[in-house]
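Each chain, letter by letter, is given below.
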Amino acid sequence: MKHRNTGLFLLAGILVALPLLLPNSYYYDIAIRMAINAVVALGLNLLIGFAGQVSLGHAGFFGIGAYATAILTTHFGWHPLSALLAGALGAAALAALLARPIFRLRGHYLAMATLGLGILIAMALKNEAAYTGGPDGMAVAPMSVFGLQMDGEQQWYWFFSANLLFSVWACRNLIDSPFGRALRALHGCEVAAQVAGVNVARYKAIIFVFSAFFASIMGSLTAHYVGFVTPNVADFFYSIELVTMVVVGGMASVFGSVLGAALLTALPQALATLEGWETVAFGTILVLFMVFLPEGLVPSLSRRFAGRP
Amino acid sequence: MSAQFLQFFFSGITVGATYALSALGFTLIYNACNVINFAQGEFIMLGGMLTVFFVHGGLPLPIAAILAVIAPAVVGILLEKFAIEPAQGAGSVSLIIITIGASLVIRGVIQIWLGKGAHILAAFSSNEPIAIGGATLLPQSLWVLGVAAAMVIALWLFFRRTVAGKAILATSYNALAAQLVGIPTQWVLRLSFALSAAMGAVAGILLTPITLTSYDVGIMLGLKGFVAAVVGGLGSGLGAVAGGLLVGLVEAMSAGYISSAYKDAVPFVLILFILFFLPRGLFGARITERV
């Protein structure tokens, strides 16, 4: 375990060095979005990659956080931190409430149920226009905590970078803990895990609640960062993008999620120059990735270069 | 039975029939290779958009419609050959992403080629509403119901009476065993994709005179078809038809009696509700898993 933290230091190094290469705030913005998506994808990877439970509606929880912050700070004058916490607790409570019935389902039925959940959240945000501003969205005040106001891309960049580093560190510790081993066990074989004393239903519920909590917090922070929320934050397509980040990077690979998130965030920006063809190009690249690297980038590459199984 | 109820019933059963066709498409591909084809909605879109394109190009409707069924079927075969087949052995989540990638490609190409606007298609026969019991029924609804019913019966006969149909069934029960008795399973896969795309395209053509079409209608229609397939229990043909009609009816009733703002939400509420009580849908096999 000597090199256990090499990856973490490498990531920290990249995050520190990156500002030297970022010429203007547009690139800062992309880097920030990468970091945001990476943290959400990490949480989702715990659920999909490690516990083996697919969720096609995760953007819903992100949306709950974003709108909790937007609505509670704007309409009710709440403090940003309490709004963030309320959103995260709300998302966690919803996840906890639905965990039992949802995780009785398997495979494509589970995919259907989580997809439905995400779509319902997005539709509620779109239709309750009195509070949410409807499809046009609503503005969010900047975040100020303890007299410190967050503004400017650079400040946010350091904030989200620290956030990402902490999340990576926390995820890796979680995975190596008895809890993480239990998750991987139930991914391998639920019955065997149960025989070994893992309370399968409980563990699935906990990790679902945990990743919903994660996603909601990131949603709140994103709302403050962007200064504006639209129902698109909870969109079906964002859910799919998140799952794609996890899969492209590599299921059950912490750094895979970070890499996948970075790639899939940068890709649409890079393709924007294609004038109309970006959707076609994006779809083609998705298909090619899945066909040629079905295991994801990090697992495939590490196998090729390290010769490890 | 009030006239209002009858009116909602008519509109529900019409839309439901197209959901049923779409759900049958999901079921066909699911049975053939265990893939949920999220590009199914794009076949529906292709059917409608291509018909509009060919009709505007001056072709008579029947020929335009036939071309608009054949073209998506070819797209379905290409999808199978170039995206699904090379990825065999990939996990179910990877396969979902592949079909979503394919749907983006199809949608993107149509958006570039035919633009973002909404398109109209004239009704197949007259536009004169037929009055029944105080409610009105559009002749186009009769077209939808009639063609959908014919398709379902034709599909049933295909599976019961033809060698090709039985080959598909055999492959869906056990692909390895089917291969051992000499069924070209690769060919069966392609046929399933072609059939599924054709079913979707027919649904799209039938629906277009009622609801308009544009490059992005496939997203919601496809998802509702998926809901219908799951409501009935994935893999069950009867379930797909029943699921489609049920989703259409519940949607129309709640749009009429409760709120039309949440019309699109109804299928998803329905599916969550059903899955919470019947984890394998209405007609899904009750399987006990062996360890």
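Procedures and definitions
- One numbering rule holds for all chains: residues counted from 1, following each sequence as written.
- Following the order in which they are written, the chains are lettered starting with A and the ligands numbered starting with 1.
- Two thresholds apply to this predicted model, a pLDDT of at least 70 for residue-level local features and 80 or more for giving and counting side-chain atom pairs, whereas whole-chain, interface and lining totals are computed over all residues.
- Each helix is a run of DSSP H or I of at least 4 residues and each strand a run of E of at least 2, with the numbering of both proceeding from the N terminus.
- Radius of gyration: over C-alpha atoms. The globule rule applied is 2.2 Å multiplied by the number of residues raised to the 0.38 power.
- In this description, any two residues whose backbone-derived C-beta atoms lie within 7 Å of each other are considered to be in contact.
- Residue type decides the class: Asp, Glu, Lys and Arg count as charged, Ala, Val, Leu, Ile, Met, Phe, Trp, Tyr, Cys and Pro as nonpolar, and the leftover types, Gly among them, as polar.
- Lines are fitted to the C-alpha atoms to define the axes, a helix being fitted only along its stretch in contact, and any angle between axes, read from their N-to-C directions, falls within 0 to 180 degrees.
- An angle below 35 degrees is read as roughly parallel, one above 145 as roughly antiparallel, one from 65 to 115 as roughly perpendicular, and any other as oblique.
- It is the rotation of the near helix from the far one that decides the hand of a crossing: anticlockwise by less than a right angle makes it left-handed, clockwise makes it right-handed.
- Once C-beta atoms are placed from the backbone, each residue is buried if 20 or more other C-beta atoms lie within 10 Å of its own, exposed if 12 or fewer, and partly exposed for counts between those two.
- Scored from 0 to 100, pLDDT reflects the predictor's confidence in each residue.
- One less than the number of residues in a helix, times 1.5 Å, gives the span that helix is expected to have.
- Any set of buried Ala, Val, Leu, Ile, Met, Phe, Trp, Tyr and Cys residues joined through C-beta atoms within 7 Å is what this text calls a nonpolar core.

Examining the overall build of chain B
Then, in step 1: When its secondary structure is counted, chain B shows 11 helices and 2 strands.
Then, in step 2: Starting at the N terminus, the α and β elements of chain B follow one another as α-α-α-α-β-β-α-α-α-α-α-α-α.
Then, in step 3: In terms of overall dimensions, chain B is globule-like: its C-alpha atoms have a radius of gyration of 19 Å, near the 19 Å expected for 291 residues.
Then, in step 4: Seen through its principal axes, chain B has C-alpha atoms that stretch 60 × 50 × 35 Å.

With respect to the overall build of chain A
Then, in step 1: A count of helical and extended segments in chain A gives 14 helices and 4 strands.
Then, in step 2: Over its C-alpha atoms chain A spans a radius of gyration of 19 Å, differing by no more than 12% from the 19 Å that the globule rule assigns to 309 residues.
Then, in step 3: Long-range pairs, those at least 24 residues apart, make up 77% of the contacts in chain A with a sequence separation of at least 6.

A look at the interface of chain B and chain A
Then, in step 1: Taken together, the contact between chain B and chain A spans 37 residues of the former and 34 residues of the latter.
Then, in step 2: Where the side of chain B that touches chain A is concerned, the elements lending two or more residues are α4 (92–114), α9 (218–232) and α11 (266–277) of chain B.
Then, in step 3: Per-element accounting of the side of chain B that touches chain A gives the leading share, 16 residues, to α4 of chain B.
Then, in step 4: Residues of the side of chain B that touches chain A, tallied by class, amount to 29 nonpolar, 5 polar and 3 charged.

Digging into the packing of helix α5 (residues 107–127) of chain A against α11 of chain B
Two packed helices can be described by the angle between their axes and the distance between those axes.
Then, in step 1: The N-to-C vectors of α5 of chain A and α11 of chain B enclose an angle of 140°; their axes lie 9 Å apart at closest approach. Relative to α11 of chain B, the element α5 of chain A is oriented oblique. At the point where α5 of chain A passes α11 of chain B, the crossing takes the left-handed sense. Along the contact surface, α5 of chain A presents Tyr109, Met112, Ala113, Gly116, Leu117, Ile119 and Leu120 of chain A, while α11 of chain B presents Phe268, Val269, Ile271, Leu272 and Leu275 of chain B.

Brief notes about unusual backbone geometry
Then, in step 1: The phi angle at Ala252 of chain A is positive, at roughly 60°, despite the residue not being glycine.
Then, in step 2: Here Ala252 of chain A lies in the loop between α11 (236–249) and α12 (254–271).
Then, in step 3: Positive phi, close to 65°, is recorded for Leu212 of chain B, a residue that is not glycine.
Then, in step 4: Looking at Leu212 of chain B, the number of C-beta atoms within 10 Å reads 15, which means it is partly exposed.

Some thoughts on the confidence of the model for chain A
Then, in step 1: Summing up the model confidence of chain A, the mean pLDDT is 88 and the portion of residues at 70 or higher is 96%.
Then, in step 2: For chain A, the element scoring lowest by mean pLDDT is strand β2 (residues 144–145) of chain A, at 69; helix α3 (residues 59–74) of chain A scores highest, at 94.

Quick look at α4 of chain B
Residues and elements named next belong to chain B.
Then, in step 1: Taking 1.5 Å as the rise per residue, α4 with 23 residues should run 33 Å; its terminal C-alpha atoms sit 33 Å apart, in good agreement.
Then, in step 2: For α4, the tally of buried residues reaches 17 of 23 residues, placing the bulk of the element in the interior.
Then, in step 3: Positive phi shows up at Gly115, right after α4, with a value of about 85°.

Examining the nonpolar core
Then, in step 1: One finds Ala38, Val40 and Val243 of chain A together with Ala20 and Ala201 of chain B to be the most contacted residues of the largest nonpolar core, which totals 199 residues.
Then, in step 2: The element contributing the most residues to this core is helix α1 (residues 3–33) of chain B, with 16 residues.
Then, in step 3: The residues contacting Val40 of chain A, other than those within four sequence positions of it, are Phe62, Phe214, Ala215, Met218 and Leu242 of chain A.

Comments concerning the packing of helix α2 (residues 40–56) of chain B against helix α3 (residues 61–84) of chain B
All names here are of chain B.
Then, in step 1: Contact pair α2 / α3: the axes reach a minimum separation of 8 Å and the direction vectors enclose 140°. Viewed along their axes, α2 and α3 adopt a mutual orientation that is oblique. Where α2 crosses over α3, the two elements pack in a sense that is right-handed. Seen from α2, the contacting residues are Phe43, Leu46, Gly47, Leu50, Thr51, Phe54 and Val55; seen from α3, they are Leu61, Ala64, Ala65, Leu67, Ala68, Val69, Ala71, Pro72, Val75 and Gly76.
Then, in step 2: Residues that form the contact of α2 with α3 fall into these classes: 14 nonpolar, 3 polar and no charged.

Some words on the environment of Thr265 of chain A
Residues and elements named next belong to chain A.
Then, in step 1: Relative to the assigned elements, Thr265 resides in helix α12.
Then, in step 2: Residues Thr265 and Ile119, 146 residues apart in the sequence, show an inter-C-alpha distance of 22 Å.
Then, in step 3: Setting aside residues up to four positions removed in sequence, Thr265 forms contacts with Ile30, Arg33, Met34 and Asn37.

Side note on the environment of Leu15 of chain A
Residues and elements named next belong to chain A.
Then, in step 1: Note that Leu15 resides in helix α1 (residues 6–21).
Then, in step 2: C-alpha of Leu15 to C-alpha of Tyr157: the two residues are 142 residues apart in sequence and 9.1 Å apart in space.
Then, in step 3: Ignoring sequence-local partners within four residues, the contact set of Leu15 consists of Ser161 and Leu165.

Looking at helix α7 (residues 153–176) of chain A
What sets the pattern is the α-helix's 3.6 residues per turn: residues three or four places apart point alike.
Residue and element names in this part refer to chain A.
Then, in step 1: An ideal rise of 1.5 Å per residue puts 34 Å on 24 residues; α7 measures up with 34 Å between its terminal C-alpha atoms.
Then, in step 2: By the burial criterion, the buried members of α7 are Trp156, Tyr157, Phe160, Ser161, Leu164, Ser167, Val168 and Cys171.
Then, in step 3: Considering only its buried residues, α7 is in contact with α1, α2 (25–50), α10 (200–226) and α12.

Here we look at the environment of Tyr28 of chain A
Residue and element names in this part refer to chain A.
Then, in step 1: Take Tyr28: it is sitting in helix α2.
Then, in step 2: For the pair Tyr28 and Ala92, spaced 64 residues apart in the sequence, the C-alpha separation amounts to 31 Å.
Then, in step 3: The contacts of Tyr28, once residues within four sequence positions are left out, are Leu22, Glu153, Gln154 and Tyr157.

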